[in-house]
Amino acid sequence: MTQLIKTPEQIEKMRIAGRLAAEVLEMIGEYVKPGISTGALDQICHDYIVQHQNAIPACLGYRGFPKSICTSINHVVCHGIPSNDKILKKGDIINIDVTVIKDGFHGDTSKMFFVGKPSIQAERLVRITQECLYKAIEIVKPGIHAGDLGHAIQVHAEKHRFSVVRDYCGHGIGDVFHEEPQILHFGTPGTGVEIQEGMCFTIEPMINVGDYHTKLLPDQWTVITKDRSLSAQWEHTLAVTATGCEVLTRRKEEML
Ligand code: MF3
Ligand code: CO
Ligand code: CO
């Protein structure tokens, strides 16, 4: 079994990996414009991670995934595969999900980008989904339960008439990409794993305008909303401290 409580030395490595993952998202923003392909975005991120960061793109080859990042546009919930044939157009919303490995440890983070000007509905979805992530992060501390996080996310999403995807969840992370504990983005307070100092995990809510059901495309990776409604996701990797948490993948633009 993997060790769920990290030592200070391991958390220092997580901090470095987390910062690198965040820096990839900071770097790629200026390229996310109408006319660029998701294949080109993937190539830019791949080269930045490998050549500039001397790190490893964790997604590349992970369970057979063919690219270095996930690019999930509009009704794609997660795990969209970058392609030179997929060209961004005005009004699209896109999630870019980056995981890097540095010195054996993983940093995993994603954010939403607007391509040109979004619809009012898309802007609301993206903003509320980010608020869902932040509301969960705010309550992380030793002694709470994973279900408390899911509950906070679900209440906020449903207050705005959105739905929480059930089929994918946040996860423990360290020298292993996906490990215990599971962090569901819906649920009941007081249920699930008790959060302890030294745990590292992601929170990565996927929120839909329509209902929460998903469908896996024949490529066996791309997950879409069953009703083709818009979906958004934001993700951070964090480490639990004595009094709260440290967001290991925080970007400069964030006030966390
Ligand atoms: N980064 C995703 C996550 O948040 C996992 C992507 S797996 C891949 O857990 F193989 F699709 F890249
Ligand atoms: Co993740
Ligand atoms: Co991710």
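Cut-off values and rules
- Residues numbered from 1 in each chain as written.
- Chains lettered and ligands numbered in written order.
- Predicted model: local features only at pLDDT ≥ 70, side-chain atom pairs only at ≥ 80, totals over all residues.
- Heavy atoms only, no water.
- Donors = N, O, S within 2.8 Å, 3.2 Å for Na, K, Ca; no water.
- Tetrahedral: all angles 85-135°; square planar, octahedral: opposite > 155°, others 65-115°.
- Helix = DSSP H or I, 4+ residues; strand = E, 2+ residues; numbered from the N terminus.
- Buried < 20%, exposed > 50% of the residue type's maximum accessible area, 1.4 Å probe, protein only.
- Pairing = 2+ DSSP bridges.
- Axes fitted to C-alpha atoms, helices over the stretch in contact; angles between N-to-C directions.
- Near = heavy atom within 4 Å.
- Polar contact = N/O pair within 3.5 Å; in protein donor to acceptor, adjacent residues only side chain to side chain.
- Areas by Shrake-Rupley, 256 points an atom, 1.4 Å probe, with all protein chains shown as cover.
- 1 Å grid on protein atoms, 1.4 Å probe; cavity = no way out; pocket = protein on both sides within 12 Å on 5 of 7 lines; lining within 4 Å.
- Sits in = over half its atoms within 2 Å of the grid points.
- Nonpolar A, V, L, I, M, F, W, Y, C, P; charged D, E, K, R; others polar.

Visitor: I'm lost on the coordination of the cobalt ion (ligand 2) in this one. Help?
Guide: Each pair of donors in an ideal four-coordinate tetrahedral metal site encloses 109.5 degrees, whereas pairs in an ideal six-coordinate octahedral site enclose 90 or 180 degrees. In this structure, Asp 108 (OD), His 171 (NE2), Glu 204 (OE) and Glu 235 (OE) serve as the protein donors to the cobalt ion (ligand 2), at separations of 2.0 to 2.2 Å. Around the cobalt ion (ligand 2) sit six donor atoms; with metal-centred angles ranging over 51 to 161°, the donor geometry is irregular. Mapped onto the polypeptide sequence, the residues donating to the cobalt ion (ligand 2) form the spacing pattern D-x62-H-x32-E-x30-E. In this structure, the cobalt ion (ligand 2) lies 3.4 Å from the cobalt ion (ligand 3), and both are coordinated by Asp 108. Separated by 31 residues along the polypeptide, Glu 204 in the loop between strand S9 (200-203) and strand S10 (206-208) and Glu 235 in the loop between strand S13 (231-233) and strand S14 (236-240) bring together distant segments of the chain. Note on Glu 204: relative accessible area 9%, which makes it buried. Take Glu 235: its relative accessible area is 0%, and that puts it in the buried class.

Visitor: Is there a simple way to explain the sheet that holds strand S12 (residues 223-225) in this structure?
Guide: Reading across from one edge, S3-S12-S11 is the order of the three strands in this open sheet, with antiparallel pairing throughout. Whereas interior strands pair on both sides, the edge strands pair on one side only; in this sheet they are strand S3 (76-78) and strand S11 (214-216). Across this sheet, the average inter-strand angle for adjacent strands is 40°, counted without regard to direction. In the sheet, S3 pairs with S12 via two bridges, with the strands oriented antiparallel. Note on S12: the bridge partner recorded for Cys 78 is Val 223.

Visitor: Would you take a moment to explain the site of ligand 1 for this structure?
Guide: Residues in close proximity to ligand 1 total 14 residues, the closest being Cys 59, His 171, His 178, Glu 204 and Glu 235. In this structure, Glu 204 approaches ligand 1 through a side-chain N or O atom, which is 2.8 Å from an oxygen atom. Summarising the interface, the protein chains cover 97% of the accessible area of ligand 1, which totals 340 Å² for the free molecule. Cavity membership is defined here by more than half of the atoms lying within 2 Å of grid points; on that basis ligand 1 lies in the largest pocket. Here the shell around ligand 1 is built from residues that sort into six nonpolar, four polar and four charged.

Visitor: In this structure, what is going on with the coordination of the cobalt ion (ligand 3)? I would like to understand it.
Guide: Donor atoms from the polypeptide that coordinate the cobalt ion (ligand 3) comprise Asp 97 (OD), Asp 97 (OD), Asp 108 (OD) and Glu 235 (OE), at 2.0 to 2.4 Å from the metal. The coordination sphere of the cobalt ion (ligand 3) comprises six donor atoms, whose angles at the metal cover 58 to 165°; the geometry is irregular. Within one chain, the residues donating to the cobalt ion (ligand 3) are spaced in sequence as D-x10-D-x126-E. For Asp 97, a relative accessible area of 10% puts it in the buried group.

Visitor: For this particular structure, what's the right way to read the pairing of strand S2 (residues 69-73)?
Guide: Within a regular beta strand, the side chains point alternately toward one face of the sheet and then the other, so they alternate between its two faces. The element S2 is extensively covered by neighbouring structure, given that five of its five residues are classed as buried. In S2, alternate side chains face the same way, and those of Ile 69, Thr 71 and Ile 73 on one face and Cys 70 and Ser 72 on the other are all buried. Bridge analysis of S2 against strand S4 (residues 93-102) gives five bridges, and the strand direction is antiparallel. The residue of S4 that forms the bridge with Ser 72 is Asn 95.

Visitor: Even after reading the chapter, I still don't get the sheet that holds S13, so can you show me in this structure?
Guide: Hydrogen bonds along the backbone pair up the strands of a sheet, which may run parallel or antiparallel. What the three strands build is an open sheet, ordered S6-S10-S13; its pairing is antiparallel. One side of each edge strand has no neighbouring strand; the edge strands of this open sheet are strand S6 (163-164) and S13. Relative to S10, S6 is paired through two bridges, and the arrangement is antiparallel. Across the sheet, the residue bridging to Ser 163 is Asn 208, located in S10.

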